[in-house]
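# Tertiary structure, described
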Amino acid sequence: MSLSKSKPNANANSSLVTDHSKAVANSSSVENDSAQNLQEAGKDSVTSDELSFVHDAVLLPETVAAVLCVKSLPTQKDESKAQNGLQLSGIYVDATFGRGGHSRLLLSQLADDAQLIVFDKDPTAISVARDLASKDSRVHVVHDSFATLTTSLAALGITQVDGLMADLGISSPQIDDGSRGFSFMRDGAVDMRMDTSRGQSVAEWLERVDEETLANVLYEFGEERHSRRIARAIKQMDSYESTLELAEVIKVAHPNWQRGKHPATQSFQAMRIFINNELGDVDDFLAQSIAILKAGGQLAVISFHSLEDRRIKQFLQRHSKGQYPEDENLPMPPKRPRYFSKPKRVGPSNAETKQNPRARSAWLRMATRTDTDYLPDTTHTQ
């Protein structure tokens, strides 16, 4: 883990999953990762201009307003407030910095004494974040998964924060760089790691994994109905050096193509989610959000497919109602604390989806931390 603190300047406004069945229990009807589908499905070649729309931060003002616990951000109708922002103090976390769209808008609303801690696995994203931090002393950078939320913040002397936001999934720049291995339309090494500085690549994993386990991963993390047939074809490959070769093998093995979608979409999604432990990280992040948020602090999370969105929805329902599925058949269910207010869900506007098609599958779920003291549950999982 790498922690870096920026130079003073407060004026800028600018492991693998080992238990597959547990990680995706009760999953159904996976929506495809829209960023990758919209960029790649049905195209033989894609230019950078065609990809530019997905560089826009999705649900940008809605997410920043949510994490700040305000109904909306200042507009040009109130020029003085719009120019100076809300000038709010506090400590905030952007758990998925990416290219910093949400972070920069959030900073424009914060006072000089506020702090923003940004997390990301991707070394390129971290490079962008450190550049921002060098210009704004409010920014602190953590090169690690948001699953390390509590320990990473503790290393900075922070035990509680005023707001948490996260934008889950893969980003356009990651897909656009063929060498990263996320793309089935650009040739590159079969890597797919969010953090290229650690862990094994998909190619290394494919060399070692058995056919049955591979089929389970394709089915559970991508809901690929033809997972066994595809897994058999993949394991018959001589090497795993080319994403285009891997995509072609999947394409040939796939017996039923969905119109407008590349047949390798779900398999690539499944391997990416698995190799990066994406769902496990989401679960860990959500669980840690309870203790790390101050009373009145807001959790705001954007997701793009149902495997992630379902986790967020169930987590917030459980901890806002104090109702646990494992208690349903008990004659006298224990009284559970309610750590969050009634959650809300916001989708993109028609104007945003027209301008940015990636936003079509996005959902922002948010809830406010109540003043209930956190009591770790040693008998049930979060």
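Numbering of residues starts from 1 in each chain and follows the order in which that chain's sequence is written. A pLDDT threshold of at least 70 governs which residues receive local features in this predicted model, and a stricter bar of 80 or more applies before side-chain atom pairs are shown or counted, although totals over entire chains, interfaces and linings include all residues. Side-chain numbers here rest on the full set of heavy atoms in the structure, without hydrogens or water.

## Re unusual backbone geometry
Definition in use: For the purposes of this entry, the term helix denotes a DSSP run of H or I that reaches at least four residues, the term strand denotes a run of E that reaches at least two, and both are numbered from the N terminus. Remark: exposure states derive from per-residue accessible area (1.4 Å probe, protein chains only) relative to the maximum for the residue type, with buried under 20%, exposed over 50%, and partly exposed in between.
In this structure, glutamine 87 takes a positive phi of about 55 degrees despite not being glycine. Mapped onto the fold, glutamine 87 is located in the loop between helix H5 (79-84) and strand E2 (91-94). Of the residues examined, glutamine 87 reaches a relative accessible area of 40% and is grouped as partly exposed. Unlike most non-glycine residues, methionine 192 shows phi in positive territory, near 70 degrees.

## A closer look at the confidence of the model for the protein chain
What counts here: pLDDT is a per-residue confidence score from the predictor, ranging from 0 to 100. Any two residues having at least one pair of non-hydrogen atoms within 4.5 Å are treated as being in contact.
A residue-level look at the protein chain finds 80% of positions with pLDDT of 70 or above and a mean pLDDT of 84. Counting contacts from residues 1-54, a segment whose pLDDT is below 50, to residues more than four positions away or on other chains yields 152 contacts.

## Things to note about the packing of aromatic side chains
Formally: Note on aromatic pairs: the rings of Phe, Tyr and Trp (six-membered ring only in Trp) are paired at centre separations within 6.5 Å, and the planes decide the class, stacked below 30 degrees, edge-to-face beyond 60, tilted for the rest.
Taken as a whole and judged by the stated rule, the model has 5 aromatic pairs. Ring centres of tryptophan 205 and phenylalanine 274 lie 4.7 Å apart, and the angle between their planes is 40 degrees; on these two criteria the pair is classed as tilted. With tryptophan 205 in helix H10 (residues 202-208) and phenylalanine 274 in helix H14 (residues 265-275), this pair connects stretches of sequence that are 69 residues apart. Given the relative accessible area of 6%, tryptophan 205 is considered buried. Ring geometry for phenylalanine 315 and phenylalanine 340: centres 5.9 Å apart, planes at 65 degrees, overall edge-to-face.

## Brief notes about the environment of leucine 88
Looking at the element boundaries, leucine 88 is found in the loop between H5 and E2. For leucine 88, a relative accessible area of 25% puts it in the partly exposed group.

## Re the packing of helix H12 (residues 227-235) against helix H13 (residues 243-253)
Put simply, the rule is: The angle between two axes is taken between their N-to-C directions and runs from 0 to 180 degrees, where each axis is a line fitted to C-alpha atoms and a helix contributes only its stretch in contact. For this classification, under 35 degrees means roughly parallel, over 145 means roughly antiparallel, 65 to 115 means roughly perpendicular, and everything else is oblique. Crossings are sorted by hand: turned counterclockwise from the far helix by less than a right angle, the near helix makes the crossing left-handed, and turned clockwise it makes it right-handed. Side-chain classes follow a simple rule in which Ala, Val, Leu, Ile, Met, Phe, Trp, Tyr, Cys and Pro form the nonpolar group, Asp, Glu, Lys and Arg form the charged group, and the remainder, Gly included, forms the polar group.
At their nearest, the axes of H12 and H13 sit 9 Å apart, and the two run at 135 degrees to each other. One way to sum up the angle between H12 and H13 is to call them oblique. Handedness of the crossing formed by H12 with H13: right-handed. The residues of H13 that touch H12, namely those facing Arg229, Ile230, Ala233 and Ile234, are Leu246, Val249, Ile250 and Ala253. Each residue belonging to the contact of H12 with H13 can be placed in one class, and the counts come to 7 nonpolar, no polar and 1 charged.

## What about helix H15 (residues 278-292)?
As a reminder of what qualifies: One less than the number of residues in a helix, times 1.5 Å, gives the span that helix is expected to have.
The end-to-end C-alpha separation of H15 is 21 Å, in line with the 21 Å expected for 15 residues at 1.5 Å each. For H15, the buried fraction is high: 12 of the 15 residues fall into the buried class. Among all positions in H15, only Glu278, Leu279, Gly280, Asp281, Val282, Phe285, Leu286, Ala287, Gln288, Ser289, Ile290 and Ile292 are buried.

## Side note on the environment of phenylalanine 97
Note that phenylalanine 97 resides in the loop between E2 and helix H6 (101-107). For phenylalanine 97, a relative accessible area of 4% translates into the label buried. On a C-alpha basis, the gap between phenylalanine 97 and isoleucine 126 in space is 7.9 Å, while along the polypeptide they are 29 residues apart. Sequence-distant contacts of phenylalanine 97, defined by excluding residues within four places in its chain, comprise Ser103, Arg104, Val118, Phe119, Asp120, Ala125, Val128, Ala129 and Leu132.

## Focus on the nonpolar core
Test applied: The definition of a nonpolar core used throughout is a set of buried Ala, Val, Leu, Ile, Met, Phe, Trp, Tyr and Cys residues joined through side-chain atoms within 4.5 Å.
In this structure, Trp205, Leu206, Ile234, Leu246, Phe268 and Met271 are the most contacted members of the largest nonpolar core, which totals 36 residues. Those elements that provide at least two residues to this core are H10, helix H11 (211-222), H12, H13 and H14. The greatest single-element share of this core, amounting to 6 residues, is contributed by H14.

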